[in-house]
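Coordinate analysis (summary)
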Amino acid sequence: MSTVTDTESREETPAETDYLISVTDLAKHFPIKDGAIQRVVGQVRAVDGVSFNVKRGETVGVVGESGCGKTTLGRCVSGLMEPTAGGVYFDISYQDLTRLESILAIPDGERPEAMDADLEEIAMGHRVDRMKGEAWRRYRRNCQIVFQDSFASLNPRQLVNSIVGRPLRVYKEASGNELTEQVVSLLEQVGLGREHLYRYPHQFSGGQRQRISVARALALDPELVVLDEPTSALDVSVQAQILNLLHELQRDRGLAYLFITHDLQVVRHMADRVVVMYLGKVAEAGETSDLFDNPRHPYTEALLAASPDLAKGGEAMPRTLEGSVPDPARPPQGCRFHTRCPVATPICGWEIDDVVLWLEDHPGVFEALSGVSRQDAFEAELSFEEEEAAGKLREALQSEAVPRAMREAVESISVEETTVKIKFHPVDGVELTERAQGHVAACVLDDLGGVTDVS
Amino acid sequence: MTLTNTGPDTHEVRPPGAIASVVDLKVHFQSKRGVVHAVDGVSFDILDGETLGLVGETGCGKSVTARSFLRLVPMPPGIAVGGAIHFRRRRPCQHCGGDGCELCDGLGRLPEECSQCGGPGCEHCDGSGIDNVDLLSISESLMNEIRGDRIAMIFQDPGKALNPGLTIREQIAEVLYEHRSEEIMERAGFDPEASNVTGTLVRRRATQRDRRPERILMSVPPFRSRRARLTRATDEMVAEALTETQIANPLKVMRRHPHELSGGMKQRVMIAQALACNPDLLIADEPTTALDVTVQARILELVKSLQERHQAAVLYISHDLSVVSQVSDRVAVMYAGRIAEVGTREQIFSEPLHPYTQGLLAAIPSGSHERGRLTAIEGTVPELIDPPPSCRFVGRCPYEAEQCRSADPILASFEPGHQVACFIHSPEPDSSLDQPSFARKTK
Amino acid sequence: MVDTAAPRAADSDPAPDSAWRVRSRRVWELTTSLFSNPTTIAGLVIVVLMIAMAVFAPLLTDANMPDPYQMPRDWETPRAPPGTPGHPLGTTNNGGDVLYGIIWGARTSLRLSLIVVSLTVVIGVTVGSIAGYRGGKVDEFLMRIVDVFLSIPELIFALAIAAVLGPSFRNIILSLAVVFWVKYARIMRAQVIHVKQNEYVDAARAIGDSKLRIYFKDVLPNSITPIVVQATLDMGNIVLIGATLAFIGLSEAGIAEWGVLVSEGQAGISSGRWWASTFPGLMVFLWALAFNLLGDGFRDVLDPRTETTR
């Protein structure tokens, strides 16, 4: 494994370093509008409470499947989208971050004024969606982004020299011949050359276009580059070229990367630390080798099983995961993964929605369902058209037809003619707990083999 | 035993049990800058019941090769230059009508007897007694019969391959109407051969060849119930197809439109549609590329189990080597319009012979590679416009020698089941040059 | 969707050494592809001839003083048929030379279409850009206005406005401008919304470029193509509608304008004097046809699909 470049810390102890990026309880929701007057009827909770840090010079990989929110996360970190809640803090010292966390631990409204003022100060200086003036410019110069679609990320009507030279022009760093020379130097650093200056994007291959994007991102010598699936659209041999290039650039310039991808092999290769996301939340995070050798979350395990490492002689047919990703507008209670988890327990957040979903997949009783009236997510009355259907449901919920964990999670169930009253044990969301140094996971299970209480 | 890449003879000995054989396929494209040799002399066999993975990067010609099976390549700008695709088709077993019986080993399909000799064996069928046709030269009507019925194809993006205006039921029913209309009629309790008015009306309806007056007639009471019977029978068959691909609650899914389903579901629907007629060969063109990795794992599992059940052969095309390793029995590696190497899965992944295959495997990132040291194959894929005779991998190969620049290597056998087109392993037969030492060049 | 291993010019062509050279070559290539279509060539030829006729009008004829746009009245040869010496296309009721009317009518048409198209494009593009770029309430407000305008058929609308304002050439220009700008607003808005979603716009934001600069460098150039096509088509259609309005009598009498000439010559048709109406009418047709052919040619050539794949 290559060495991580030394962090420029102003502290003595390595654990107390400054952070280039600190994501704190970040949430991004998108309103769902419906009807003639476009009333807001719900929120797509793309990112729903994510926290992690990126140090100078390190590569943090964010991995997950479609709908997990990683792209939205990347957009928020790079300042292209404003968070709905929480914040992205840029270049924040250890002291400021601890201070921030302790202030935020106290709920809004209960804080003394001095604390609020402190919060403001930190926000104005470091929070990406609040910074202005010099602080904002510094952030903007130091945080760049490379997108997945190399074709759509370059203006088809501009020549390469304008595209790559644009950041320099915007900040008036150079002009005329000097500008052209700097552009040539950038192109050479990414493996292109002077001969590519006066060409249009469509004249290049996918790999070359990505190199142009990288050159543009490097123009202002940033500290952090957000890489949003930079090689997903490329062939494997071209991907290898680009990954090698990215590593070289990081080594030479001390860059930090936020590497967003769905490809576990790539993230395993490139990242120092990994954050695994599922449905808007962090399922597990930790140092790469630790995380992949000792996964502590069933979802991480499932991802690993589905992408075998060829170099280690991957198995011929991996274990597979049932079900599909739930609707991000109605994420499951408790642990969001419980609807698909092969080792779910009774305290994982079973709720009424799970019953309804189960019914949908089992025709016969479903057609007779006439209404669901919920007290909350865990308690409801289901009304049927016939008594028989109600009885069948009660039977089913107490039989093998339903996962055992779900059965055990039922606190009470009673049938009154055509109505079934169900109550599950209510549970809170599952928090991230520390498993080993720097390794956190949001799962009630201790080691995926036995059950422990949530501490 | 050498299979020539460039011979005009298209009736060589084919190994027994090959359901399809591509022989020296050449497909070129007219473009502004010249003629692009997209597929330039490709030969391989697909054995009965096996999954052959065809792997290669963008532009290697694998998609064009796959589409040639069903003549889906648009013919301008495409130019079908040469070669043949032999296909040994089956027909539904008349004994059981497709359900499976002793005679057909439970498959519901029997090989078609050779049209020339009727069974014993002759030159046309290479002694096997089984009929083969050249997919590139048969008539359009025969091709229509085969498409969807004997050879089915599933595509990369199910969102684009499914008609957004049709419900799932209509989508799958289309295939059934076209190829299994007799079975629909039988299930509904009608005699497919009946020639009376009712029988004709029913038959027309089942094959969707009824016209307006007939439709009006069918909506009127005595005939209306018959129409309902046909509809129910079709519904049943559609539900069966969907259940086979592990779609829970097929009756509900049937009534939906493609945009209401997730990517994985859509892909299952496409697979269900493809398998509805129990084809002999399933061509899968990157079917899981657009899907998440966990969904992909399930689809691969499904394809494998369905293949076992139907005993169909599968041509699985992908650029993703790890996917191919999970699913294939044998693998063919394509590069720049030609086959570089063919072998069993073990052979290709444990002892790759062609430098391109080696480079490809070494380029896959993993935890065990040192960062910054992934073996990236130098250079880029060559333009394929009027290529001169030379190995296409010239300029990128670490073992390149003089010979490689002046002649085309031939796909030749290295060990049983393992063929490679490279001068390292099969030097030109009567070359007077000293055999170059293929020492690895240092970069 | 067929992978044809598209050739990459970047590595095989000689490297261009300046931006100017590359851009001029691109213009050249567009022009040549324009010429590959025979109908486009036909349209272009006619357009060029018409414009030449309009521009060189003072040279081609003796301008009628004091106002060359007024048809001359020559009482000596009224109603003369084509072929009369000095009047190759004949004369009108008032003795005005039909050929004069054709030539100065072209000039009038050119004035009309240029002014109207310029006005409508500028207004429409601005409104459409603001609506598309800002979005939200601004967008909704502007688009409701546009919708109202678009719900009225162009000809009727123009007719109504011209009738209210009073018959004059200037009022025809005004009414056409009022009617035609909405089309561009709608096109531009759709284009801006579409282009805005491209990642290169996000990339420009990530660099920190100002919104205005992003608009002019990224959004506008990539949205303008359909506007150009529509403007070309409208050069033809505006004259057509203008002529129609004139024909109905909403323009000034006696001016050298094709529609007016058709209208004035109409009465003579039943007496067999076809030339006073037919020739100007033919010109209207040719003008509209030519610009439509040219516009279609532009559309084929500038189609983003043919632009971005090589």
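Being a predicted model, the structure only gives us computed values, none of them experimental. (Residues numbered from 1 in each chain as written. Chains lettered and ligands numbered in written order. Predicted model: local features only at pLDDT ≥ 70, side-chain atom pairs only at ≥ 80, totals over all residues.)

Before going further, it helps to examine the confidence of the model for chain B. All names here are of chain B. Counting all residues, the mean pLDDT for chain B is 81, and 87% of those residues have values of 70 or more. Below pLDDT 50 for its whole length, residues 429-436 participates in five contacts with residues either more than four positions away or in separate chains. Considering only residues more than four positions removed or in separate chains, one finds that residues 439-443, a stretch of pLDDT under 50, has three contacts. The ipTM value of the predicted complex is 0.82, and its pTM value is 0.83. (pLDDT = per-residue confidence, 0-100. Contact = placed C-beta atoms within 7 Å.)

Side chains of a nonpolar character, in soluble globular proteins, are inclined to be buried together. Core analysis: the largest hydrophobic core is formed by 314 residues, its most contacted members being L258(A), V276(A), L281(B) and L315(B). Top contributing element to this core by residue count: helix α5 (residues 98-134) of chain C, with 14 residues. Per-domain counts for this core show at least three residues from each of domain 1 (19-278) and domain 2 (352-424) of chain A. Residue contacts for L258(A): discarding those within four places in its chain leaves V54(A), V60(A), V62(A), G74(A), V77(A), L224(A), V226(A) and L227(A). (Core = buried A, V, L, I, M, F, W, Y, C linked by C-beta atoms within 7 Å. Buried ≥ 20, exposed ≤ 12 C-beta atoms within 10 Å, placed from the backbone. Helix = DSSP H or I, 4+ residues; strand = E, 2+ residues; numbered from the N terminus. Domains from an automatic or database assignment.)

For the rest of this paragraph, the subject is the pairing of strand β2 (residues 34-47) of chain B. All names here are of chain B. Across the 14 residues that make up β2, a large majority, 11, are buried. Bridge count between strand β1 (residues 18-31) and β2: 10 bridges; the pairing is antiparallel. Looking at the pairing, S31 lines up with G34 of β2. With antiparallel pairing between neighbouring strands as the criterion, β1 and β2 make up a hairpin whose turn holds two residues. (Pairing = 2+ DSSP bridges.)

Taken together, the 38 residues of chain B in the interface contact 40 residues of chain A. No other element matches helix α11 (residues 293-310) of chain B, which puts seven residues into the side of chain B that touches chain A. Along the lines of polarity and charge, the residues of the side of chain B that touches chain A split into 12 nonpolar, 18 polar and eight charged. (Nonpolar A, V, L, I, M, F, W, Y, C, P; charged D, E, K, R; others polar.)

What follows deals with the packing of helix α5 (residues 160-170) of chain A against helix α6 (residues 176-189) of chain A. Residue and element names in this part refer to chain A. Contact geometry for α5 and α6: axes closest at 9 Å, N-to-C directions at 115°. In terms of orientation, α5 and α6 fall into the roughly perpendicular class. The way α5 lies across α6 gives a crossing that is right-handed. Residue-level contacts link N161, V164, G165, L168 and R169 of α5 to L179, T180, Q182, V183, L186 and L187 of α6. (Axes fitted to C-alpha atoms, helices over the stretch in contact; angles between N-to-C directions. Parallel < 35°, antiparallel > 145°, perpendicular 65-115°, else oblique. Left-handed = near helix turned anticlockwise from the far one by under 90°.)

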